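Structural characterization, general
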Amino acid sequence: MTPFKLTDELIADIQLMVSEKRNTDLQSMMGEFHYADIAEIAEELTVEEATYIIKLLDSEKTSDILAEMDEDIRESVLDNLSAKEIAGELEELDTDDAADIVGELPKEIVQEVISKIEDREHAKDIVDLLRYDEDSAGGLMAKELVKVNENWNVLTCVKEMRAQAENVTRVHSIYVVDDEEKLKGRLSLKDLLTTSTKTHIKDIYIPKVDSVGVNEKSEEVAIIMSKYDLEAIPVVDEIGRLVGRITIDDIVDVIREEADKDYQMAAGISQDVEADDSIWELTRARLPWLILGLFGGAAAAYIMGGFEEMFRKYTVLFLFTPLIAAMAGNVGVQSSAIIVQGLANDDLKGSVSNRLVKEIVLALLNGVILAIILLLFTWGWKGNFMTALAISISLIAVIVVAGFVGTFTPLFLHKRGVDPAIATGPFITTSNDIFGILIYFLIAKMILSKNMLNLRNCGTHIKLPLSTTCKLS
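Residues numbered from 1 in each chain as written. Predicted model: local features only at pLDDT ≥ 70, side-chain atom pairs only at ≥ 80, totals over all residues. Heavy atoms only, no water.

**Some points on helix H20 (residues 352–382)**
Basically, it comes down to this: To qualify as a helix, a DSSP run of H or I must reach at least 4 residues; to qualify as a strand, a run of E must reach at least 2; elements of each kind are numbered from the N terminus. Expected span of a helix, by definition, is 1.5 Å for each gap between consecutive residues, and there is one gap fewer than residues. For each residue, the accessible area found with a 1.4 Å probe, counting protein chains only, is set against the maximum for its type, and the residue is called buried under 20%, exposed over 50%, and partly exposed in between.
Here H20 is 31 residues long and its end C-alpha atoms lie 43 Å apart, about the 45 Å a rise of 1.5 Å per residue gives. By the burial criterion, the buried members of H20 are Arg355, Leu356, Glu359, Ala363, Gly367, Ala371, Leu374, Leu375 and Thr378. Of the residues trailing H20, Gly383 is marked for its positive phi of about 70°.

Written out as C-alpha cells, the structure reads:
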C-alpha cells in the first residue's frame, strides 16, 4: 500500500472540482482514498468546501470522515448540516464515536438530532453513553459487542452471535453473562467450534476475564490494556453488569492525548492548545508559567543582591552564576522527567524514601564528577584554587538539592492527586534556579570568607603584608 501524501496540487484539484461542481469526478477521486485521508484533505479546505464533500458522499463513508476530523473543523462542518443530516451520519457510527460527536453539538440541537435517529436502540445507547465523564471508561466504551448467556447451548449461541455480529465492526471477544447480564467470563472461538452443539456455554467458557468499571479513569484503562496486551476490554457497571467494551483504537487516542498534554505541561503550557488556535488562546495557555518564570528570575536577582559585597571581592563568582542556574534546572528536569514517566507507566516500584535515596546518590555521583571537571577548568583558568574549590563544592550541593526537588515534587503531587507532569519544565527549573543561586552564594561565602579570615590572621601573626609569603594549605 502506497502511503498517502497530501500535496498542494491535490488540494488545488479538489478545490477546482468543488468550485465547478464536478460531482462525478469528486466521487470517483474520493472513492480511491481512505476515510482518514479524506479527513486530512478536508482539514486543508475551507469549511464550505469540506461541507460540500460531506454532503456529496455517502453517509457510510462520511460518518467515519467526520469522526476522524479535528474537533474544531468538525464543529464548523456540523454547523452547516441540518439535524436530520447529522442524525444520518450518527446512525453509521459506533455508539462511542457517535456519542463523542453529539457531546460537541450545541445543547439546543442535541435533542432534535437524537429524535431524528431512526434506529431507536442506537439512539438510546448514545444517550446512555452521554451520562459518563469523557475521561472515564464509560465515556470511552462502545455498546457494540457480542455476548452470550451461560445457559445457552452452543447451537443457540451461534445463532445469537450471528445476529449480534451484524452491528459489530470487529469481534474481539465473545463475552459470557448470566441471566442478570453480569459478566461471567469469555468464550474461546476454538472451544465453540470444537464442542457439541448441545453443550451448555457454562461448561466451556473461561471464567478469568479482565474488566474495568464504568467510572475507571481512562489513564488507568490504558495502563491495564497496555500491561496485559489487550485488544479490547469489557466494561461493567457498579453491580457487575456488562455494559460495553473499549477497543485498542480508543486507548491509542487516550495515550496520544495524554502524551500531548504532558509534553505541553512540561514545556510550560497550562492547557491543551494547538498551533492553529487563536493568539488569545495561546497567550492564556503560555502566560501563567511565563509569569512564574518572571517572579522566579526576580527572586533570584533579589537573592544575588544580598551578596553584592561578594561580587566586588570575587567577580569570578558572577561569571559562573548562569552555569549554576542551568545545572540546577537541568538536573531537576531530568529527575522529575524520569519520575513522571514512571508514574505514567506505573513502573515505579518500592518506597518513596528508597527512590529519594537512589536519586540523591545518583545526583551526588554526577555532581562529584562534574565538580572535578569544573575545579580543574576554573583553577587552570583563574589560577585561584580556593575560588575554584568554592564554586565546585557549590555545584555538588546544587545538583544534589536539584535532584531531591526534582524527585520529591512529582511524587508529592501524585500523592495529592495532582498531575505530576506539572512538576517538569518551568516549575522545576524556576524553583531550582532560586535554590541553586541561594546555595551557590551561601557556600561560596562560607568558604571564601573563611579563606579571607585565615589570610588576615596569617598576615597579623607574622606582621607581614598579605602578599607572597603567607600560604594556605
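Once you've had a look at it, read on.
**Some remarks on a nonpolar patch on the surface**
Spelled out, the test is: Patches draw on residues past 30% relative accessible area with no salt bridge. Two like charges within 9 Å are joined, as are two nonpolar side chains (Val, Leu, Ile, Met, Phe, Trp, Tyr) within 5 Å. Residue-level accessible areas treat just the shown protein chains as cover; the underlying method is Shrake-Rupley with a 1.4 Å probe. In what follows, salt bridge is the name for a side-chain nitrogen of Lys or Arg lying within 4 Å of a carboxyl oxygen of Asp or Glu.
Judged by side-chain polarity, Leu364, Val368, Ile372, Leu376, Trp379 and Phe385 come together as a nonpolar surface patch covering roughly 550 Å² of accessible area. Counting residues per element, the nonpolar patch draws most heavily on H20, which supplies five residues.

**Brief notes about a negative patch on the surface**
Our working rule: Here Asp and Glu are counted as negative and Lys and Arg as positive; His is not counted, and neither are the chain ends. Just so you know, the charge point we use is NZ for Lys, CZ for Arg, CG for Asp and CD for Glu.
Together, Glu71, Asp72, Glu75, Asp79, Asp100, Asp133, Glu134, Asp135 and Glu257 make up a negatively charged patch on the protein surface. Per-element accounting of the negative patch gives the leading share, four residues, to helix H6 (residues 71–79). Turning to its location among the elements, Asp79 is positioned in helix H6.

**Topic: the packing of aromatic side chains**
This is how it is decided: Centres within 6.5 Å make a pair out of two Phe, Tyr or Trp rings, where for Trp the six-membered ring is used; the pair is then stacked when the planes are under 30 degrees apart, edge-to-face when over 60, and tilted otherwise.
Counting across every chain of the model gives eight aromatic pairs. Cluster of aromatic residues (ring-pair linked, three or more members): Phe307, Tyr440 and Phe441.

**Some thoughts on the pairing of strand E3 (residues 183–187)**
Put simply, the rule reads: Two strands qualify as a pair provided DSSP detects at least 2 bridges between them.
Where strand E2 (residues 174–177) lies against E3, four bridges are found, and the strand directions are antiparallel. Note on E3: the bridge partner recorded for Tyr175 is Arg186. Two successive antiparallel strands, E2 and E3, enclose a turn made up of five residues, where Glu181 displays a positive phi of approximately 70°.

**Examining unusual backbone geometry**
One non-glycine residue, Lys21, adopts positive backbone phi at about 55°. On the accessibility criterion, Lys21 (57% relative accessible area) is exposed. Positive phi is not limited to glycine here, since Glu181 has a value of about 70°. Looking at the secondary structure, you find Glu181 in the loop between E2 and E3.

**Re the sheet that holds E2**
The test is simple: Angles here are taken between N-to-C directions and fall from 0 to 180 degrees, while the axes themselves are lines fitted to C-alpha atoms, restricted in helices to the stretch in contact. Contacts are assigned to residue pairs that have any heavy atoms within 4.5 Å of one another.
Pairing is mixed across the open sheet formed by three strands, whose spatial order is E1-E2-E3. The sheet is open, and its two borders are formed by strand E1 (146–149) and E3, each paired with just one other strand. Pairs of neighbouring strands in the sheet enclose a mean axial angle of 35°, with direction left out of account. By the bridge criterion, four bridges tie E1 to E2 in an arrangement that is parallel. Across the sheet, the residue bridging to Val146 is Ile174, located in E2. Lying over the sheet, helix H12 (residues 154–165) contacts E1, E2 and E3, oriented at roughly 155° with respect to E1.

**Looking at helix H9 (residues 107–115)**
We count it as follows: The arc in question is the one spanned by the directions pointing from the helix axis to the C-beta atoms.
Turning to H9, its buried residues number three or more, namely Val110, Val113 and Ile114. The buried residues of H9 occupy one face: seen down the axis, they fall within an arc of 95°. Turned more than 90 degrees away from the buried face of H9, the exposed residues are Glu108 and Gln111. The elements touched by buried residues of H9 are helix H7 (83–91), helix H8 (95–104) and helix H10 (120–130).

**Some points on the side chain of Glu144**
Among the secondary structure elements, Glu144 is positioned in the loop between helix H11 (137–140) and E1. Although Glu144 is buried, it makes no salt bridge; Arg245 carries the closest opposite charge, 6.3 Å away.

**Description of the pattern of salt bridges**
Counted under the stated rule, the structure contains eight salt bridges. One salt bridge connects Asp25 with Arg22, and the closest N-O pair in it is separated by 3.1 Å. In the salt-bridge network here, residues are joined through shared partners; they are Glu20, Arg22 and Asp25.

**Brief notes about the sheet that holds strand E5 (residues 232–236)**
Across the sheet, three strands lie side by side as E4-E5-E6; this open sheet has mixed pairing. Each edge of the open sheet is held by one strand with a lone partner, namely strand E4 (212–213) and strand E6 (242–247). In this sheet, E5 lies alongside E4 in parallel orientation, the contact comprising two bridges. Residue pairing across strands places Gly213 opposite Val236, the latter belonging to E5. Packed on one face of the sheet, helix H14 (residues 218–227) meets E4, E5 and E6 and runs near 135° to E5.

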